[in-house]
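Examination of the molecular architecture
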Amino acid sequence: MFSDVGMPRIAVLSVIALVACFTATWAIAAVLDGGWVFGVNMISDLGVSTSFAHYVFGWGAILTGIFAALAGFAMSAMREGAVGKAPFLLLVFAGVMLMLVGIFNEHTAPHLPSAVALFVAVWISMIILAARDLLGGERLFGCLNAAFAVLNLILFVLTPLPLFEALGVIIFMLWTLMLSYAILKGTDGYGEAQVTEDL
């Protein structure tokens, strides 16, 4: 369906779209809700808002999940072997879980396991990429992936759940932007050397 040459373009543009989409979704839903407070309320609380915010959050999460899954698919298509594909297939899985978060609000049974699976999938992907890069001699992105993974763990242990969720989502978006930068650079394990020309 997609050409191999177009995969870097699809991956990078999908990441930009997912970051823009969820940032807008979060901001607009919070404004519409009127009572949502960063670090005090869960982001998912916007999905059960009595205002129009619950529609914005739900559809925004679904659309962001589609972009995340598409980005992961494109990234995995550029790699070979289980180790090469696994971290990006986990991004596809995370995207699907985000879609479920948008479909099922926090008052329904599927919401919590979907949200937990989303965060765990992203965290495992960070760890795999960190180990692969550091063992392969790619220190910059190995250290960045490791830093993101460790920071997520520290925040999970030391901060209240609403604050962890909010900061975790921000870290997720920054991490995907880092992946895009690695692709643009043609970094081994992420993209090809001609990616910048393709874009």
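Every value quoted in this text rests on a predicted model; they were computed, and no experiment measured them. Throughout this document, residue positions are counted from 1 along each chain, in the order its sequence is written. Local features are withheld for residues below a pLDDT of 70 in this predicted model, meaning they are given only at 70 or higher, and side-chain atom pairs are given and counted only at 80 or more; totals for whole chains, interfaces and linings count all residues. Excluded from the side-chain calculation are hydrogens and water; included are all heavy atoms of the structure.

**Digging into helix α3 (residues 81–103)**
Each helix corresponds to a stretch of at least 4 residues labelled H or I by DSSP, and each strand to a stretch of at least 2 residues labelled E; elements are numbered beginning at the N terminus. By this rule, a helix spans an expected 1.5 Å times one less than how many residues it contains. Spanning 23 residues, α3 covers 33 Å between terminal C-alpha atoms, matching the ideal 33 Å at 1.5 Å per step. Note on bend: at a given residue it equals the angle between the axes fitted to the 7 residues ending there and to the 7 starting there. At Pro-87, α3 shows its strongest bend, of approximately 30°. Summary of the burial criterion: residues with accessible area below 20% of their type's maximum are buried, those above 50% are exposed, and those between are partly exposed, where the area comes from a 1.4 Å probe applied to protein chains only. When α3 is considered as a whole, its buried residues turn out to be Gly-84, Pro-87, Phe-88, Leu-90, Leu-91, Ala-94, Gly-95, Met-97, Leu-98, Met-99, Val-101 and Gly-102. In what follows, residue pairs with any heavy atoms lying within 4.5 Å of each other are defined as contacts. Elements that come into contact with the buried residues of α3 comprise α2 (53–77), α4 (111–135) and α6 (161–185).

**Describing the nonpolar core**
Soluble globular proteins tend to pack their nonpolar side chains together in the buried interior. Core analysis: the biggest nonpolar cluster contains 53 residues, and Trp-26, Ile-43, Met-75, Trp-175, Leu-179 and Tyr-190 have the highest contact counts within it. Secondary structure elements with two or more residues in this core: α1 (7–33), α2, α3, α4, α5 (139–158) and α6. Not counting chain neighbours up to four residues away, the residues in contact with Tyr-190 comprise Met-78, Arg-79, Phe-88, Leu-129, Arg-132, Asp-133, Phe-141, Asn-145, Leu-179, Ala-182 and Ile-183. We call a set of buried residues a nonpolar core when its members are Ala, Val, Leu, Ile, Met, Phe, Trp, Tyr or Cys and they connect through side-chain atoms within 4.5 Å of each other.

**A closer look at the confidence of the model for the chain**
pLDDT measures how confident the predictor is about each residue, on a scale from 0 to 100. When pLDDT is averaged along the chain, the result is 90, and 93% of the positions lie at 70 or above. Counting contacts from residues 193–199, a segment whose pLDDT is below 50, to residues more than four positions away or on other chains yields 12 contacts.

**Let's talk about the packing of α3 against α4**
Axes, fitted as lines to C-alpha atoms, cover a helix only where it is in contact. Angles between the N-to-C directions of the axes lie from 0 to 180 degrees. Viewed as axis vectors pointing N to C, α3 and α4 meet at an angle of 160°, and their least axial separation amounts to 8 Å. As the angle between them shows, α3 and α4 are arranged roughly antiparallel. Handedness of the α3/α4 crossing: left-handed. In this structure, α3 uses Val-83, Gly-84, Pro-87, Phe-88, Leu-90, Phe-93, Ala-94, Met-97, Leu-98, Leu-100 and Val-101 to contact α4, whose residues at the interface are His-111, Ser-114, Ala-115, Ala-117, Leu-118, Ala-121, Val-122, Ile-124, Ser-125, Ile-128, Leu-129 and Arg-132. Any angle that is under 35 degrees is reported as roughly parallel, and any over 145 degrees as roughly antiparallel; angles of 65 to 115 degrees are reported as roughly perpendicular and all others as oblique. Take the far helix as your reference; a near helix turned counterclockwise from it by less than a right angle gives a left-handed crossing, and one turned clockwise gives a right-handed crossing.

**Things to note about α5**
Here α5 is 20 residues long and its end C-alpha atoms lie 28 Å apart, about the 28 Å a rise of 1.5 Å per residue gives. Among all positions of α5, only Phe-141, Gly-142, Asn-145, Phe-148, Ala-149, Asn-152 and Leu-155 are buried. Looking at the buried positions of α5, the neighbouring elements they touch are α4 and α6.

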